[in-house]
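A structural walkthrough
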Amino acid sequence: MATRVAQRRERIYVGGEWRETGGVIEVSDLADGGTFAGVAAARPTDAREALDAAHAVKPALRQTTVVERAEWCESIASGLREREEELAEIIVREAGKPISSARGEVDQAAERFDRAAEEARNIVSKGEFREGSTAGHEGWQAIVKHEPIGAVLCITPYNYPLATTALQVAPALAAGNSVLLKPASKTPLSAAILADVISEVDGIPDGGFNFVPGNASEIGDVLAGDDRVNAIAMTGSSGAGNHVARESGMVNLHMELGGNAPAIVFDDADLSDVAGNCAKGSFKYAGQRCSAVSRVLAHESVHDDLVGLIEGQMDAWQPGDLFDEDTTVGPLISEAQADWVETLVEDAIEKGADLVRGGQRRAPDGVPDELGDQFFEPTLLANVPHDARVVDEEQFGPIAAITTFEDEDEAVELANGSDLALDAAVFTNDYKRAMRVAELVDAGAVRINGAPSHGLGDVPFGGNKDSGIGREGLDASIHEMMRKKSIVL
């Protein structure tokens, strides 16, 4: 177990300056209990000053070149790598993520800044050229240029406090926009270190990056409702996303929201491979991922065999010391989240599901008493009725819920029955069926013979229905954060 070092980051970064503010967010330690950090809680006046700074710098940023902006991103990537161990420990403590996953998150964040630099160069260097092709427009020629959209508000989640932040901030900066970063109040410290790294990069105009941590109830509407914001990049719950969309007005919304990913398993699938993918998809980071496998829709002929194989995978997904390299599961982010997971499991059992394994709030040995109620055992439910809430609602907990279908039509109907449509998976050895079902399933991304995964963002991803607006990804996000201007000759 690492020795805890208290962190106090009780300043905001606005207009190129670190500033004192009134309040403090105390950050809980999900490894050792208690609190280990204090981060500034910006006030509404601070948020307005950040908006002033982000708006004022737009003309200066518009004059920067893609070469300059790429160099900023590469410098930020280097700065993150230099502080990898510090950041990894912070992510373990504030997010409750095992150390091996936390290190991977730091690497991913750094790589996203590097890749954003590459993508921005590609987009700007290619540009577009058009010629008139309709009657009366013969001889017209047009240059279509990409330019910054303006000021981008980045609202980031607790579950990937550095990697998702990088996926928003890196494209925004690379595209030449000013940034206002509002991190999740439960996990603001890794974002504070990122702000520290960015503040040391030469060349970014004052106001080009602004760090305004704080409680959403205090500053959320101030930021989202200001007409000087030109785009909002947000990852969070569907409820929070709907609220921001109502407040924001005429801006470019770029939102990845809630998920309830179905994994459709046909009778010709390799069940051993399915079991490994579904266990990882359901239990990684205790299921607190928007792309988690939330429900397994198994053909009725393979249900029992698949349940047995998934149960056989579960010893590899057990809670432990978060600083142990072999630990794979940590606590949930809060007691309230554990309450929610418990509610879903109890509802499924009351409606007739079989509890195969887990289902209890139980902490591993050595965990401080105050964290005990935040641990929920990896849980396997079989024969889950279609009307159980776990089949339709976002879980954000370590639950593998297995239900059945009779035929392809019913599988698609079940998959599309939720108001959430972010990710899905299809397991079959029939190529034509895989493609047919993938096209019929209502989701932003469908993976064939693998659990949903967004990786670095090479492939655009995002949700339909209540799961979001727009698509994320390195090049996709940069396109969302730029606008096209046609100069007609």
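Residues numbered from 1 in each chain as written. Predicted model: local features only at pLDDT ≥ 70, side-chain atom pairs only at ≥ 80, totals over all residues. Heavy atoms only, no water.

Structural notes on the overall build of the protein
Worth spelling out the cut-off: Put simply, DSSP marks the helices as runs of H or I at least four residues long and the strands as runs of E at least two long, and each gets a number from the N terminus on. The globule rule used here is 2.2 Å times the number of residues to the 0.38 power, and the radius of gyration it is set against is calculated over C-alpha atoms. Working definition: with a 1.4 Å probe on protein chains only, accessible area under 20% of the residue-type maximum means buried, over 50% means exposed, and in between means partly exposed. Shrake-Rupley sampling with a 1.4 Å probe provides the accessible areas, and residues are treated as covered by the protein chains on show and by no other component. Think of it this way: Lys and Arg go in the positive column, Asp and Glu in the negative one, and His and the chain ends go nowhere. Lysine's charge is taken at NZ, arginine's at CZ, aspartate's at CG and glutamate's at CD.
Assigned secondary structure in the protein consists of 15 helices and 23 strands. What you see for the protein is a C-alpha radius of gyration of 23 Å, in line with the 23 Å of a compact globule of 489 residues. Structurally, the protein occupies a C-alpha span of about 65 × 65 × 35 Å along its principal axes. By the burial criterion, 58% of the 489 residues in the protein qualify as buried. Accessible area for the protein stands at about 19,000 Å²; split by element, carbon and sulfur atoms hold 45% of it. Averaging the locations of the 43 positively and 83 negatively charged side chains of the protein gives two centres separated by 7 Å.

A short note on helix α1 (residues 44-56)
Let me state the cut-off plainly: A helix is expected to span 1.5 Å for every residue after the first. Directions from the helix axis toward the C-beta atoms define the arc. Every residue pair with non-hydrogen atoms within 4.5 Å of one another is taken to be in contact.
Between its terminal C-alpha atoms α1 stretches 18 Å, which fits the 18 Å expected from 13 residues at 1.5 Å a residue. Looking only at α1, the buried set comprises D46, A47, A50, L51, A53 and A54. The buried side chains of α1 occupy one side of the element, clustering within an arc of 165° when seen end-on. Against β2 (11-14), α2 (58-62), β8 (151-155), β9 (178-182), β10 (209-211) and α8 (216-224) lie the buried residues of α1.

Here we look at the UniProt feature "active site" (unreviewed entry) in the protein
Quick reminder of the rule: UniProt positions are given in the numbering used here, feature names are shortened, and annotations may be inferred rather than shown by experiment.
Using the residue numbers shown here, the UniProt feature "active site" (unreviewed entry) corresponds to E256. When sequence neighbours within four positions are dropped, the list of residues in contact with E256 reads M234, T235, G236, C290, L422, H454, F461, S467 and E472.

Overview of the nonpolar core
Which entries qualify depends on this criterion: Here, nonpolar core means buried Ala, Val, Leu, Ile, Met, Phe, Trp, Tyr and Cys residues that are tied together by side-chain atoms lying within 4.5 Å of each other.
Counting residues in hydrophobic clusters, the biggest one holds 72 residues, and the most contacted among them are I76, L80, F113, V169, F209 and F211. When residues of this core are assigned to their parent elements, the largest contribution, ten residues, is made by helix α5 (residues 99-126). Once residues within four sequence positions are removed from consideration, F209 is found in contact with Y13, V169, V179, L181, A195, I198 and I204. Counting 41 residues, the second largest nonpolar core, distinct from the first, contains V307, M314, I399 and A451.

Some points on the sheet that holds strand β4 (residues 23-28)
What counts is decided by this rule: Here, strands pair whenever DSSP counts at least two bridges between them. To get an axis, fit a line to the C-alpha atoms, keeping to the stretch in contact for a helix; angles then go from 0 to 180 degrees between the N-to-C directions.
Read from one edge of the open sheet, three strands run β1-β5-β4, paired in mixed fashion. Single-partner strands in this sheet number two, and they are β1 (7-9) and β4. Adjacent strand axes in the sheet meet at a mean angle of 15° when their direction is disregarded.

Structural notes on the environment of Q7
Along the chain, Q7 turns up in strand β1. Q7 sits 31 residues away from G38 along the chain, and the two C-alpha atoms are 6.5 Å apart. In this structure, Q7 is in contact with F36, A37, G38, E86, I90 and L189, ignoring residues within four places of it in sequence.

Here's the deal with the side chain of D423
Which entries qualify depends on this criterion: Between Lys or Arg on one side and Asp or Glu on the other, a salt bridge is scored when a side-chain nitrogen of the former is within 4 Å of a carboxyl oxygen of the latter.
When you line up the elements, D423 lands in strand β19 (residues 423-427). The charged side chain of D423 is buried without a salt bridge, its nearest counter-charge being R289 at 7.9 Å. Leaving out residues up to four positions away in the same chain, D423 has contacts with A261, P262, C290, S291, A443, A445, P452 and H454.

Considerations on the domain arrangement of the protein
Stated formally: For the purposes of this description, domain bounds are those given by an automatic or database domain assignment. By buried area we mean how much accessible surface two parts lose on assembly, using a 1.4 Å probe and totalling the loss over both. The definition of a polar contact used here is a pair of N or O atoms within 3.5 Å, where within protein one atom must be able to donate a hydrogen and the other to accept one, and adjacent residues in sequence count solely through side-chain atom pairs.
Domain parsing of the protein yields domain 1 (11-257 + 467-488) and domain 2 (261-456). The partner domain 2 presents 31 residues to the 33 residues of domain 1 that form the contact. Between domain 1 and domain 2, the buried area comes to about 2,500 Å², and carbon and sulfur atoms account for 59% of it. Area buried by domain 1 at its contact with domain 2 is led by L30, Y158 and S467, which between them contribute 23% of it. Here domain 1 and domain 2 share one salt bridge between them. Taking the shortest distance from any N to any O, the salt bridge between R103 and E325 comes out at 2.6 Å. In this structure, the connection of domain 1 to domain 2 is made through eleven residue pairs in polar contact (both at pLDDT 80 or more). Within the residue set of the side of domain 1 that touches domain 2, elements represented by two or more residues are α4 (84-95) and α5. The element that contributes the greatest number of residues to the side of domain 1 that touches domain 2 is α5, accounting for seven residues.

Examining the packing of helix α10 (residues 271-283) against helix α11 (residues 303-313)
Operational definition: Every angle not falling under 35 degrees, over 145, or within 65 to 115 is termed oblique; those three ranges are roughly parallel, roughly antiparallel and roughly perpendicular. A clockwise turn of the near helix away from the far one marks a right-handed crossing, whereas an anticlockwise turn of less than a right angle marks a left-handed crossing. Lys, Arg, Asp and Glu make up the charged group, whereas Ala, Val, Leu, Ile, Met, Phe, Trp, Tyr, Cys and Pro make up the nonpolar group; the residues left over, Gly among them, are polar.
Remark: α10 packs on α11, axes separated minimally by 9 Å, with the N-to-C direction vectors making an angle of 55°. If you check the angle between α10 and α11, you find them oblique. Two packed elements cross with a definite hand, and for α10 against α11 that hand is right-handed. Across the interface between the two elements, L271, S272, V274, A275, G276, C278 and A279 of α10 pack against D305, L306, L309, I310 and Q313 of α11. Here the residues of the contact of α10 with α11 are counted per class, giving eight nonpolar, three polar and one charged.

Digging into the state of the cysteines
Condition: When the sulfur atoms of two cysteines come within 2.5 Å, that pair is taken as a disulfide.
Applying the stated rule across the entire model yields zero disulfides. C154 provides the cysteine sulfur closest to C73, a residue in no disulfide bond, and the two sulfurs are 12 Å apart. On the basis of relative accessible area, C73 is assigned to the buried category, the value being 0%. Take C154: its relative accessible area is 0%, and that puts it in the buried class.

What to know about a negative patch on the surface
So the rule is basically this: Nonpolar side chains (Val, Leu, Ile, Met, Phe, Trp, Tyr) are joined into patches within 5 Å and like charges within 9 Å, using only residues with over 30% relative accessible area and no salt bridge.
On the surface, a cluster of negative charge is made up of E300, E406, D407, D409 and E413. Note on placement: D409 falls in helix α13 (residues 408-415). Given the relative accessible area of 62%, D409 is considered exposed.

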